[in-house]
Amino acid sequence: MPPETNIMTLEKCPTGIRGLDDITSGGLPRGRTTLVCGGTGCGKTLLALEFIVRGIREFDEPGVFMSFEETTEELASNVASLGFDLEELIHGGKLAMDYVHVERSEIEETGEYDLEGLFVRLDSMIVETGAKRVGIDSLEALFAGLPNEAILRAELRRLFRWLKDRGVTTVITGEQGKNELTRYGLEEYVSDCVIFLNHRVVNRVGTRLLRIVKYRGSSHGTNEYPTMIDEHGLSVLPISSLGFDYPVSTERVSTGIDRLDAMLGGKGYYSGSSVLVSGTAGTGKSSLAAAFADAACRRGERCLYVAFEEAPAQICRNMASVGFDLDQWTGKGLLRFHAVRSTLCGLEQHLGSMIKLAREFRPAVVVIDPVTNLSAVGSAEETKAMLTQVVDFCKNQSITTLFTSLTEGGGPQEQTDPGVSSLMDTWVLLRNTETPSGERNRLLFVLKSRGMAHSSQVREFMLSDKGVQLTDVYIGAGTVLTGSARLIQEAQDEAVAEARHRDATRRQRDLEQEKAQVQARIGALQHKAALLAEDLDSLTGDERSRLETATRNRADLASARQVD
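What you see is a predicted model; the values in this text were computed from it and never measured.

## Section: the overall build of the protein chain
When its secondary structure is counted, the protein chain shows 14 helices and 24 strands. Taken over 564 residues, the protein chain has a buried fraction of 47%. Split by element, the accessible area of the protein chain, about 28,500 Å² in all, is 49% carbon and sulfur.

## Brief notes about the sheet that holds strand S19 (residues 426-434)
Working definition: the strands of a sheet are paired by backbone hydrogen bonds and lie parallel or antiparallel to each other. Reading across the sheet, the 9 strands line up as S16-S15-S17-S18-S14-S19-S20-S21-S22 and stay open at both edges, with mixed pairing between neighbours. Among the strands making up the open sheet, the edge pair consists of strand S16 (335-339) and strand S22 (467-472). The average undirected angle you get between the axes of adjacent strands in this sheet is 20°. Two strands pair when backbone bridges link them, and strand S14 (residues 274-279) and strand S18 (residues 400-406) are joined in this way by 6 bridges, in the parallel orientation. Following the sheet pairing, Ser 274 is matched in S18 by Thr 401. Docked against the sheet, helix H9 (residues 285-298) engages S14, strand S15 (303-307), S16, strand S17 (365-369), S18, S19, strand S20 (440-449) and strand S21 (459-464), running at close to 165° with respect to S18. Across the sheet, helix H10 (residues 312-320) lies against S15 and S16, angled at about 125° from S16, the strand it touches most.

## Side note on the side chain of Asp 369
Considering the arrangement of structural elements, one finds Asp 369 in strand S17. Nearest to the buried, unbridged Asp 369 among oppositely charged side chains is Lys 285, at 6.7 Å. Polar contacts involving the side chain of Asp 369 include one to the side chain of Thr 404, which spans 2.4 Å. Contacts of Asp 369, omitting those with residues within four sequence positions, involve Ser 286, Tyr 305, Val 306, Ala 307, Phe 308, Glu 309 and Thr 404.

## Quick word on helix H7 (residues 149-166)
For H7, spanning 18 residues, the distance from its first C-alpha to its last is 25 Å, which sits close to the expected 26 Å at 1.5 Å a residue. Within H7, burial applies to Ile 151, Leu 152, Arg 153, Glu 155, Leu 156, Leu 159, Phe 160, Trp 162 and Leu 163. Within two residues after H7, Gly 167 carries a phi angle of roughly 75°, on the positive side.

## Here we look at the packing of helix H12 (residues 347-361) against helix H13 (residues 380-396)
Interhelical geometry of H12 versus H13 gives an angle of 10° and a closest axis separation of 10 Å. Viewed along their axes, H12 and H13 adopt a mutual orientation that is roughly parallel. Every residue of H13 that contacts H12 at Leu 347, His 350, Leu 351, Met 354, Ile 355, Ala 358 and Arg 359 is listed here: Glu 382, Thr 383, Met 386, Gln 389, Val 390 and Phe 393.

## Some points on the confidence of the model for the protein chain
When pLDDT is averaged along the protein chain, the result is 83, and 85% of the positions lie at 70 or above. Mean pLDDT across the secondary structure elements of the protein chain bottoms out at strand S24 (residues 479-481), with 56, and peaks at S15, with 96. Per-residue pLDDT stays below 50 along residues 105-112; that stretch engages in 10 contacts with residues further than four places along the chain or on separate chains.

## Some remarks on the pairing of S14
Within S14, 6 of the 6 residues are buried, leaving the element largely enclosed by the surrounding structure. What you see with S14 is no split at all: Ser 274, Leu 276 and Ser 278 on one side and Val 275, Val 277 and Gly 279 on the other are buried throughout. Here S14 pairs with S19 via 5 bridges, running parallel. Within S19, the residue paired with Val 277 across the bridge is Val 428.

## Overview of the side chain of Thr 400
For Thr 400, the position within the fold is in strand S18. At a separation of 2.8 Å, a polar atom in the side chain of Thr 400 contacts the main-chain amide nitrogen of Gly 272.

## Focus: the pattern of salt bridges
Taken as a whole and assessed by the stated rule, the structure comprises 18 salt bridges. Across the pair Glu 61 and Arg 133 runs a salt bridge whose closest N-O atoms are separated by 2.7 Å. Placement of Glu 61 in the loop between helix H2 (44-59) and strand S4 (63-67) and of Arg 133 in strand S6 (residues 133-137) is noted, with a sequence separation of 72 residues between them. With a relative accessible area of 11%, Glu 61 lands in the buried category.

## A few points about the nonpolar core
If you look at the biggest cluster of nonpolar residues, it comprises 40 residues, and the most contacted ones within it are Leu 260, Tyr 269, Leu 288, Tyr 305, Leu 326, Val 367 and Leu 444. Among the elements that line this core, the one with the most residues is H9, at 8 residues. Leaving out residues up to four positions away in the same chain, Leu 260 has contacts with Thr 255, Tyr 269, Leu 288, Leu 444, Val 446 and Leu 470. Formed by 36 residues, the second largest nonpolar core is a distinct cluster that contains Cys 42, Phe 84, Leu 89 and Leu 210.

## Let's talk about the packing of aromatic side chains
The description of an aromatic ring pair rests on the distance of the ring centres and on the angle between the ring planes. Taken as a whole, this structure holds 3 aromatic pairs when the rule is applied. On the numbers, 5.4 Å between centres and 50° between planes, the contact of Phe 119 with Trp 162 is tilted. One end of the pair, Phe 119, is in helix H5 (residues 116-129); the other, Trp 162, is in helix H7, and 43 residues separate them in sequence. Using a relative accessible area of 5% as the deciding quantity, one classes Phe 119 as buried. Given a relative accessible area of 17%, Trp 162 falls into the buried group. Consider the rings of Tyr 269 and Phe 292, whose centres lie 5.5 Å apart with planes at 75°: the pair is edge-to-face. In this pair, Tyr 269 sits in strand S13 (residues 269-270) while Phe 292 sits in helix H9, placing the two residues 23 residues apart along the sequence. The class for Phe 292 is buried, based on a relative accessible area of 0%.

## Comments concerning the packing of H5 against H7
Contact pair H5 / H7: the axes reach a minimum separation of 11 Å and the direction vectors enclose 20°. By the criterion of interaxial angle, the relationship of H5 to H7 is roughly parallel. H5 and H7 meet at a crossing whose hand is right-handed. Residues Glu 116, Leu 118, Phe 119, Leu 122, Asp 123, Ile 126 and Val 127 of H5 pack against Glu 155, Arg 158, Leu 159, Trp 162, Leu 163 and Arg 166 of H7. When grouped by side-chain class, the residues that make up the contact of H5 with H7 number 8 nonpolar, no polar and 5 charged.

Calculation rules
Residues numbered from 1 in each chain as written. Predicted model: local features only at pLDDT ≥ 70, side-chain atom pairs only at ≥ 80, totals over all residues. Heavy atoms only, no water. Helix = DSSP H or I, 4+ residues; strand = E, 2+ residues; numbered from the N terminus. Buried < 20%, exposed > 50% of the residue type's maximum accessible area, 1.4 Å probe, protein only. Areas by Shrake-Rupley, 256 points an atom, 1.4 Å probe, with all protein chains shown as cover. Pairing = 2+ DSSP bridges. Axes fitted to C-alpha atoms, helices over the stretch in contact; angles between N-to-C directions. Contact = heavy atoms within 4.5 Å. Lys, Arg positive; Asp, Glu negative; His and termini not counted. Salt bridge = Lys/Arg side-chain N within 4 Å of Asp/Glu carboxyl O. Polar contact = N/O pair within 3.5 Å; in protein donor to acceptor, adjacent residues only side chain to side chain. Expected span 1.5 Å × (residues − 1). Parallel < 35°, antiparallel > 145°, perpendicular 65-115°, else oblique. pLDDT = per-residue confidence, 0-100. Core = buried A, V, L, I, M, F, W, Y, C linked by side-chain atoms within 4.5 Å. Phe/Tyr/Trp six-rings, centres within 6.5 Å; stacked < 30°, edge-to-face > 60°. Left-handed = near helix turned anticlockwise from the far one by under 90°. Nonpolar A, V, L, I, M, F, W, Y, C, P; charged D, E, K, R; others polar.

Have a look at this one:
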């Protein structure tokens, strides 16, 4: 057997930032330096400061933060809206902050210049707090204030080595350069881990992204990950790393429409599956989504309704006209709307918002109506990639998700603009048909439903103040009739059936009368036959008596002769 080997693994320092620890497989390299670089407004300072604050709050690791751009008061004011009380942490002795102002006019630069003063200030704060984490924001200010880059670069090398020798985990921020990750090539010196933040604007829509450029000694995610800054701070969404090991259920959930349940094996959708309802405008996609949401709330389950076209009040009003009182569920806390224009932000921001809401609200059911609106902020490939992440996330959380998709009336309707039909477990197609008389009617098909027996027949989809109803279409010789044409044909069929019934009744009555006459004749003949039988029996009896009398008389005569 080969000798056992001890594999040394790099010790990680968890950041506490949502999602970042996932894509870094546990956090930043402990006792080493990490560079966070990017353009203006991408969130570099926030990431560095949040790393320090969450280290104190969640891991009881005191920290030091040194800023070259903003004062302590300015930083405290900026992050107060995120729930970070820097003054409280400072007074508690867990956090030390310092602002270093660098001004060329105040510096007399000589060949003997060094950063010894910076070392002393950092050392004093680290010793004072017992710091395990250090944040420095940003070193570009030193380059701007000190023109002799050769001396400064040498001093920076000494600073980074000094930080490593102290065993503190350090995050340093740097501005993005034109041809390099940072303006002054800091990645050459801070190379244990490099994180690149990007604030991209496409079609006037901004998107925040994060990428791990380098992580020495550790595996890590290499994709660009959507990043959000909200009231809870920075968060990264490593959704694209999800696999196919999500749980699969055999339980069913109702569609909210009895006859549609019957078309799906009599029980509805699989719990935790993805459902697509597609169709042209006015076919009733939102009504089908509302029926599903209403059914979930009636079961006592929570439903998250993401709307890209209508306000929540308008949705509730419109759905009340077809028998769904959604207001009652919002009042009971079972239904939550997230209504926003798709053009408000990028695809990643929409993805982040939905993931965040799902984690907070913990719904059993999610409705997204309609997904085709997302094409306004991304290409078909980007939209499909984003929706794939939504599907994977919901499946991993065992959330049943219903998507609606608008299809163009002139083209093939058995396709979707984002091209997500292959991701769906169940696909319901709604279609408008127009009769020669100009009447438009709705039809419903179940194009597919994986893992269950489902109907291949078409149903007429009807909306009224009594709710959503599915009725059988009229299938005649080479034609399918719906709406008033179906009603007229059904009335004609009913009239023909009634006439046939009347003819059959009359014929039955005639046959019964003829049967009675025959039975009467049979009775008379049977009576006559009985009389004839009686006469025959009487005649036979008289003849037998006569023969017996004659026989006795002959016997008596013979006996008298013998006596004589």
